[in-house]
Amino acid sequence: RGPGGVRGLREIAAHVINKHQELAGLEDRVDPRSYADRGIDLMPTRHKGWMAHQQEREGLPSRIVAENKEVSEENKERVSREPGI
């Protein structure tokens, strides 16, 4: 919430990351736009947060981790069918 909201934060983060990439002599850049805004037919994963991350590290079940794995597998299938994604 607030000025710019999540999109604003994503743009600021991308700017900072890209500046450091440039300073390090790296060519890769971060694009803050969503897959949909970039016209990419992939599904986004959800941020898993510290609790789900800890559960994953301890080998405990986590709904978010399980859902993200399903989304990742679906995205791999889409990329294998349409390599240009």
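Structure: above.
Our subject in this report is the structure included herewith. (Residues numbered from 1 in each chain as written. Predicted model: local features only at pLDDT ≥ 70, side-chain atom pairs only at ≥ 80, totals over all residues. Heavy atoms only, no water.)

## Comments concerning the layout of surface pockets
Thinking step 1. Each pocket or cavity is described by its volume, and for the largest pocket that value is around 150 Å³.
Thinking step 2. Taken together, Arg10, Asp31, Arg33, Ser34, Tyr35, Arg38 and Pro44 make up the full set of residues lining the largest pocket.
Thinking step 3. Among the residues forming the lining of the largest pocket, the class breakdown is two nonpolar, one polar and four charged. (1 Å grid on protein atoms, 1.4 Å probe; cavity = no way out; pocket = protein on both sides within 12 Å on 5 of 7 lines; lining within 4 Å. Points joined across faces, edges and corners; volume = space filled by probe spheres on them. Nonpolar A, V, L, I, M, F, W, Y, C, P; charged D, E, K, R; others polar.)

## Brief notes about the side chain of Arg78
Thinking step 1. Examined against the element boundaries, Arg78 turns out to sit in helix H4 (residues 63-81).
Thinking step 2. Overall, the relative accessible area of 17% leaves Arg78 in the buried class.
Thinking step 3. Residues in contact with Arg78, not counting those within four places in the same chain, are Asp41, Leu42, Met43 and Ile85. (Helix = DSSP H or I, 4+ residues; strand = E, 2+ residues; numbered from the N terminus. Buried < 20%, exposed > 50% of the residue type's maximum accessible area, 1.4 Å probe, protein only. Contact = heavy atoms within 4.5 Å.)

## Regarding the pattern of salt bridges
Side chains that differ in charge, positive against negative, can pair when their charged atoms come close.
Thinking step 1. All told, the structure shown has nine salt bridges when counted by the stated rule.
Thinking step 2. Arg46 serves as the salt-bridge partner of Glu67, at 3.5 Å between the closest nitrogen and oxygen. Taken together, the residues span a long stretch of sequence, with Glu67 in helix H4 and Arg46 in the loop between helix H2 (35-38) and helix H3 (49-57) at a distance of 21 residues.
Thinking step 3. A relative accessible area of 30% means that Glu67 is categorised as partly exposed.
Thinking step 4. Measuring nitrogen to oxygen at the nearest pair gives 3.4 Å for the salt bridge that ties Glu73 to Lys76. Separated by three residues within a single helix, Glu73 and Lys76 lie in helix H4, roughly one turn from each other.
Thinking step 5. Taking the relative accessible area as the measure of exposure, Glu73 reaches 45% and is therefore partly exposed. (Salt bridge = Lys/Arg side-chain N within 4 Å of Asp/Glu carboxyl O.)

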